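One-letter residues, chain by chain:
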Amino acid sequence: MAIESELRSTAYACTSLCIPELLTAILKLFPLDTCDENPVQTLSIDRFDFYDRAKKSFAIVHTGETAQYGNIILKKGLVLS
């Protein structure tokens with residue numbers, strides 16, 4: 001379900017799922033960028049750098065994850081049919 005977002009991206013609510021469950025579903029259809037050395041970003045980078053990257057993202061997914069700093073950014077690769 002799409003929800004309003006102050007960012008340029010579309011936001012989706014998947015609050016019944018935690019990150020591992022959501023990643024299992026997403027990665028079946030959404031391959032990671034194999035040309036990028038780090039196609040997955042977590043808050044292990046500076047949090048303001050993370051926030052800047054999140055503002056430029058295509059989509060935001062709100063999950064039911066309860067872990068502190070349980071945020072990730074995925075960089076999509078090519079979808080080959």
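Residues numbered from 1 in each chain as written. Predicted model: local features only at pLDDT ≥ 70, side-chain atom pairs only at ≥ 80, totals over all residues. Heavy atoms only, no water.

Draft legend 1. Region of interest: the confidence of the model for the protein chain. Chain-level pLDDT for the protein chain is 80 on average; 88% of the residues reach the 70-or-more range. Element-level mean pLDDT values for the protein chain span from 44 in strand β1 (residues 2–3) up to 86 in helix α1 (residues 19–29). Below a pLDDT of 50 lies the segment residues 1–5, which in the model reaches twelve contacts outside its immediate sequence neighbourhood of four places, other chains included. (pLDDT = per-residue confidence, 0-100. Helix = DSSP H or I, 4+ residues; strand = E, 2+ residues; numbered from the N terminus. Contact = heavy atoms within 4.5 Å.)

Draft legend 2. Looking closely at the packing of aromatic side chains. One pass over the structure, following the stated rule, counts two aromatic pairs. Each ring, one from F48 and one from Y51, has its centre 5.9 Å from the other, and the planes form 85 degrees; the classification is edge-to-face. Remark: Y51 and F48 occur in helix α2 (residues 47–55); sequence separation between them is three residues, near one turn of the helix. Classification of Y51 by relative accessible area gives partly exposed; the value is 35%. When the centroid spacing of 6.5 Å and the interplanar angle of 75 degrees are considered together, the rings of F50 and Y51 count as edge-to-face. Clustering of aromatic rings is evident, with ring pairs tying together F48, F50 and Y51. (Phe/Tyr/Trp six-rings, centres within 6.5 Å; stacked < 30°, edge-to-face > 60°. Buried < 20%, exposed > 50% of the residue type's maximum accessible area, 1.4 Å probe, protein only.)

Draft legend 3. Expanded view of the environment of T15. With respect to the secondary-structure elements, T15 resides in the loop between β2 (10–14) and α1. Considering only alpha carbons, one finds T15 and T63, 48 residues apart in sequence, at a separation of 4.2 Å.

Draft legend 4. Here's a closer look at the pattern of salt bridges. One pass over the full model with this rule turns up two salt bridges. For the salt bridge of D33 with K75, the shortest nitrogen-to-oxygen distance reads 3.8 Å. One end of the pair, D33, is in the loop between α1 and β3 (40–42); the other, K75, is in the segment after β5 (72–74), and 42 residues separate them in sequence. Classification of D33 by relative accessible area gives buried; the value is 16%. (Salt bridge = Lys/Arg side-chain N within 4 Å of Asp/Glu carboxyl O.)

Draft legend 5. Looking closely at the side chain of D33. One polar contact links the side chain of D33 to the main-chain amide nitrogen of C35, over a distance of 2.8 Å. When near neighbours in sequence (up to four residues on either side) are disregarded, D33 contacts P39, K75, K76 and G77. (Polar contact = N/O pair within 3.5 Å; in protein donor to acceptor, adjacent residues only side chain to side chain.)

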